Amino acid sequence: MKTNIEMMRLRTVLLTLLLGVGMAISAHGSKEKKTGILLVAFGSSYDNAREAYSYFEKRVHEEFPDTEVRWAYTSNMVRSILKKRGFDMDTPAEALAHMCDDGFTRIAVQSLHVIPGDEYDYLKQVVNSFRQVPKGPEKIVLGKPLFFLHHDVEASVQALLKVIPEERKPNEAVVFMGHGTEHAANIYYPGVNYYFSQTDDLVIAGTVEGFPGLKEVKEELREASVKRIWLLPLMAVAGDHAQNDMAGPEADSWKSQLEAEGYEVHPVLKGLAGTQAVADVWISHLKETVHELEN
Ligand code: CO
């Protein structure tokens, strides 16, 4: 015959077992779905440049009001500069690990890079490795950078043409300054030049570190015999490269070098992620990413 104390113990043990089974079911069987968006950019240490990211985030919230949005930067250099100022930004791997910890089961990772170059390759590798992580997300999808397939480049070029200031007259040139790279994806820059030429011969794409460079841009400008040039960054943010290499007061900036050739130069310091037209293209990529995630 059992005493009351023994009965109470038995009940406690049974209750604990039942609770344990219940929790196991909710953790494996009917696990709740939680979707999150991770925006991944190169990053910038310039506070005024990051306003373009803020604008883009606002657009993402408008499009996906019920989905949590987080950020990661692919540039370790930018992250370490920001860390010294007390601003701790995650790498893509850190952000994804935190999202797993916080119970996100489906993650849309959206690249805010312009071309599928080194930064995008790195991000793609991180995303692929999270597909192998035990107890990792159920599904994780990576969204395309600005330039990718033919129709993406076409849409992006049309958006870039909308970013040109209205004050620009048809006989004035527009130079978009991209980053440029040793990566095979550098081919997008001369490619984009070709797409521009289909609509407007006086719109030119060049790069700081790749091909075509300022030398080739100058040759095109000479053939066009223009007087005024509008200079715009072909970058998500108008950070270090745009503020110094493109529009800086130093003699080797594009602005100074073009002025030395006798042109009247008008730089526009606005990052593409902060413009309505180009943000629209990135948002359309994110919509495709989320759609793929949910199907
Ligand atoms: Co650079």
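Quick note: structure is the one above.
Residues numbered from 1 in each chain as written. Predicted model: local features only at pLDDT ≥ 70, side-chain atom pairs only at ≥ 80, totals over all residues. Heavy atoms only, no water.

In this section: helix α6 (residues 150-163). The end-to-end C-alpha distance of α6, which contains 14 residues, comes to 20 Å, matching closely the 20 Å that a straight helix rising 1.5 Å per residue would cover. The complete set of buried residues in α6 reads D152, V153, S156, V157, A159, L160, L161 and V163. Close packing links the buried residues of α6 with β5 (173-178), α7 (188-199), β6 (203-207), β7 (228-233) and α11 (276-294). (Helix = DSSP H or I, 4+ residues; strand = E, 2+ residues; numbered from the N terminus. Expected span 1.5 Å × (residues − 1). Buried < 20%, exposed > 50% of the residue type's maximum accessible area, 1.4 Å probe, protein only. Contact = heavy atoms within 4.5 Å.)

Moving on: the nonpolar core. Residues I37, F56, V60, F147, F176, F196 and W282 are the most contacted members of the largest nonpolar core, which totals 54 residues. Among the elements that make up this core, the one with the highest residue count is α11 (nine residues). If you look at the next biggest cluster of nonpolar residues, it comprises 18 residues, including M177, I204, M235 and L258. (Core = buried A, V, L, I, M, F, W, Y, C linked by side-chain atoms within 4.5 Å.)

We now examine the packing of aromatic side chains. Enumeration according to the criterion identifies six aromatic pairs in this entry. With 6.4 Å between their ring centres and 75° between their planes, F56 and W282 make a pair best called edge-to-face. Residue F56 is found in helix α2 (residues 51-63), and its partner W282 is found in helix α11; the two are separated by 226 residues along the sequence. Residue class for F56 comes out buried when judged on its relative accessible area of 0%. Since its relative accessible area comes to 0%, W282 is described here as buried. One aromatic cluster is present, built from ring pairs that chain together Y53, W71 and Y73. Above the ring of F104, the side-chain terminus of K34 is found at 4.3 Å from the ring centroid. (Phe/Tyr/Trp six-rings, centres within 6.5 Å; stacked < 30°, edge-to-face > 60°. Lys NZ or Arg CZ within 6 Å of the ring centre and 35° of its normal.)

The next subject is the coordination of the cobalt ion. Six octahedral donors around a metal ideally make angles of 90 or 180 degrees; four tetrahedral donors ideally make 109.5 degrees. Of the protein atoms, only H179 (NE2) and H241 (NE2) coordinate the cobalt ion, at distances of 2.0 to 2.1 Å. Of this pair, H179 sits in the loop between β5 and α7 while H241 sits in helix α9 (residues 240-246), and the two are 62 residues apart along the sequence. Note on H179: relative accessible area 29%, which makes it partly exposed. The exposure class of H241 is partly exposed, given its relative accessible area of 21%. (Donors = N, O, S within 2.8 Å, 3.2 Å for Na, K, Ca; no water.)

Attention shifts here to the pattern of salt bridges. Applying the stated criterion across every chain yields a total of 18 salt bridges. One salt-bridge network, held together by shared partners, links D47, R50 and R85. (Salt bridge = Lys/Arg side-chain N within 4 Å of Asp/Glu carboxyl O.)

Spatially, the four strands line up as an open sheet ordered β2-β1-β3-β4, and their pairing is parallel. Each of the sheet's edge strands pairs with one partner strand only, and the pair in question is β2 (68-73) and β4 (139-143). The sheet shows a mean angle of 20° between the axes of neighbouring strands, taken without regard to direction. (Pairing = 2+ DSSP bridges. Axes fitted to C-alpha atoms, helices over the stretch in contact; angles between N-to-C directions.)

Among the seven residues in strand β1 (residues 35-41), six count as buried, and that is most of the element. Relative to strand β3 (residues 106-111), β1 is paired through six bridges, and the arrangement is parallel. Across the sheet, residue L39 finds its bridge partner in β3, namely Q110. Handedness of the β1-α2-β2 crossover: right-handed. (Right-handed = clockwise from strand over helix to strand, strands pointing away.)

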